[in-house]
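Descriptive analysis of the structure
One-letter residues, chain by chain:
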Amino acid sequence: MTDNTVLSIGSDITGKYPTEIAPFAYSENRDIKELYISESVKKIGAHAFYNCRSIYRLTLKNAAVDIGDGAFKNCERLREILIYYGNGGNLKSLKSILADIHTEVKVHIFYGDGEASLIFPYGIDNYEENTPARIITEISEGSGSLYRESISAGEINYRDYDKTFILGMNVDLYKAGIRIAVERLLYPYRLSEQAEIKYKDFVIENICKAVIMLAESGRSSDIERLTDICITDKTKLWKITDIMREKGYTDIQSLLLDKYNRLYGREKKKYEF
């Protein structure tokens, strides 16, 4: 561990390659913000990172690592998971982690033949007791549970994930839908033509919000890629360029202005930088 905010387990700088993280090994640690677990680790014990409330990014070099119960329970700030699938691997680790995390999480998976970037929105299952009827009713909040069901037998069923989009939009915040659609278009791993059309139509309808969202995250190169995918209209591209100017994103403004000039020729209107 180079400092108390970045924890690297199994890195070769120590000369040691641990295969297991003991139960409760780092529980209640509020200093760790980034967690890197190398491919040498085959098992993470129960509650190993329980209540580590500051972790926001997790990198797993071994997608098939066995994860014990509650290993990441109450890691409520975890927002990004990077997983390296490897040869002959599976994603059973992701299913276990998402069972502990009910907030929205972005998952980036590095396969041997491509990359996928998926948003798993907020979702939690609650149980309400009906005493007179002597039954317990399951009540789901958010569409996160539906998206999590697309993971089974150690794999993601991308068809099921994409089918959840329309249903999820009926129960989720609109902005979550924009993030889901943008990531699938930017990283179209196993994306069917039908699903691509669905996502593309939605992003085109909300292109200004999508571009602002990416700008706020500092993803200027992704903005260029997204406009390549979703914008063929001269007026719309100019409007987005103007919005970037108004919001002070001058680097993105310049990028989009260059794109506009390449496609449609130089505009007479001049910007003030």
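Before reading further, recall that the structure is shown in the block above.
Read on for a plain summary of the structure. Just so you know, these numbers come straight off a predicted model, no measurement behind them.

**What to know about the side chain of Asn51**
In this structure, Asn51 sits in the loop between strand 4 (43-44) and strand 5 (57-60). In this structure, Asn51 is in contact with Glu28, Asn29, Arg30, Lys73 and Asn74, ignoring residues within four places of it in sequence.

**Details of the layout of surface pockets**
Taken as a whole, the largest pocket holds about 370 Å³ of empty space. Surrounding the largest pocket, 16 residues form its lining, Lys106, Ile119, Arg179, Ser217 and Arg219 being those nearest its centre. Grouping the constituent residues of the lining of the largest pocket by class yields 5 nonpolar, 1 polar and 10 charged.

**Section: unusual backbone geometry**
Positive phi, close to 60°, is recorded for Phe24, a residue that is not glycine. With respect to the element layout, Phe24 can be found in the loop between strand 2 (20-21) and strand 3 (34-37). Positive phi outside glycine occurs at Arg190, with the angle close to 50°. Its place among the elements puts Arg190 in the loop between helix 4 (174-186) and helix 5 (193-205).

**What to know about the side chain of Asp222**
Structurally, the position occupied by Asp222 is in helix 7 (residues 220-230). A residue is classified by how much of its surface remains accessible, and Asp222, at 8% relative accessible area, is buried. Once residues lying within four places of it in the same chain are set aside, the contact partners of Asp222 are Leu186 and Leu214.

Conventions and cut-offs
Residues numbered from 1 in each chain as written. Predicted model: local features only at pLDDT ≥ 70, side-chain atom pairs only at ≥ 80, totals over all residues. Heavy atoms only, no water. Helix = DSSP H or I, 4+ residues; strand = E, 2+ residues; numbered from the N terminus. Contact = heavy atoms within 4.5 Å. 1 Å grid on protein atoms, 1.4 Å probe; cavity = no way out; pocket = protein on both sides within 12 Å on 5 of 7 lines; lining within 4 Å. Points joined across faces, edges and corners; volume = space filled by probe spheres on them. Nonpolar A, V, L, I, M, F, W, Y, C, P; charged D, E, K, R; others polar. Buried < 20%, exposed > 50% of the residue type's maximum accessible area, 1.4 Å probe, protein only.

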